[in-house]
Amino acid sequence: MVDLQTLVQETGAESGLSFNIDGILNESVNLEYDGNVAAMIGMILKMCLEMSEDVNNGDLKQVMIKNNDGIVVASKNQDDNCIALLSKDLSKMGLLLRRMDSVFNN
């Protein structure tokens, strides 16, 4: 399993969470309202998964949300376990995407 605290430290993200695609929180680091955030990101992943299936784009692996004040990168594995990292520093986008691409491969 992924060591969430280490992942947050390695990437310089402000916070992170581990949950399933139904939004059930397993663990969080430095995140207020973590249960609500897990539920919302879980719903986004589920909707994107269904859309990906509808348009025959293959299995969903990752979703990135970028706004004016930060970035959220969420990845899921084949068992619908999910990890999300949140950062207010947009310059970390490449690092977050790269690290999250391999988070379930180790």
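See the structure printed just above.
A quick note: this is a predicted structure, and the numbers were derived from the prediction, not measured.

## Regarding the overall build of the chain
- A count of helices and strands for the chain gives three helices and five strands.
- Taken over the C-alpha trace, the chain has a radius of gyration of 13 Å; the compact-globule value for 106 residues is 13 Å, and the two agree within 12%.
- Summarising its shape, the C-alpha atoms of the chain cover approximately 35 × 30 × 25 Å along the three principal directions.
- Relative to its full complement of 106 residues, the chain shows a buried share of 39%.
- Sequence separation of 24 or more characterises 44% of the internal contacts of the chain that already satisfy a separation of 6 or more.
- Computed over 8 positive and 16 negative side-chain charges, the inter-centroid distance for the chain is 7 Å.

## Some thoughts on the sheet that holds strand β2 (residues 25–29)
- Pairing in this open sheet of five strands is antiparallel, and the strands run β2-β1-β5-β4-β3 from one edge to the other. Each edge of the open sheet is held by one strand with a lone partner, namely β2 and β3 (62–67). Within the sheet, the average angular offset between the axes of one strand and its neighbour, ignoring direction, is 10 degrees.
- Sheet topology note: the strand β1 (residues 15–20)/strand β5 (residues 81–87) ladder contains six bridges and is antiparallel. Each bridged residue has a counterpart across the sheet, and for L17 the counterpart in β5 is A84.

Each value, and the rule that gives it
Residues numbered from 1 in each chain as written. Predicted model: local features only at pLDDT ≥ 70, side-chain atom pairs only at ≥ 80, totals over all residues. Heavy atoms only, no water. Helix = DSSP H or I, 4+ residues; strand = E, 2+ residues; numbered from the N terminus. Rg over C-alpha atoms; globule rule 2.2 N^0.38 Å. Buried < 20%, exposed > 50% of the residue type's maximum accessible area, 1.4 Å probe, protein only. Contact = heavy atoms within 4.5 Å. Lys, Arg positive; Asp, Glu negative; His and termini not counted. Charge placed at Lys NZ, Arg CZ, Asp CG, Glu CD. Pairing = 2+ DSSP bridges. Axes fitted to C-alpha atoms, helices over the stretch in contact; angles between N-to-C directions.

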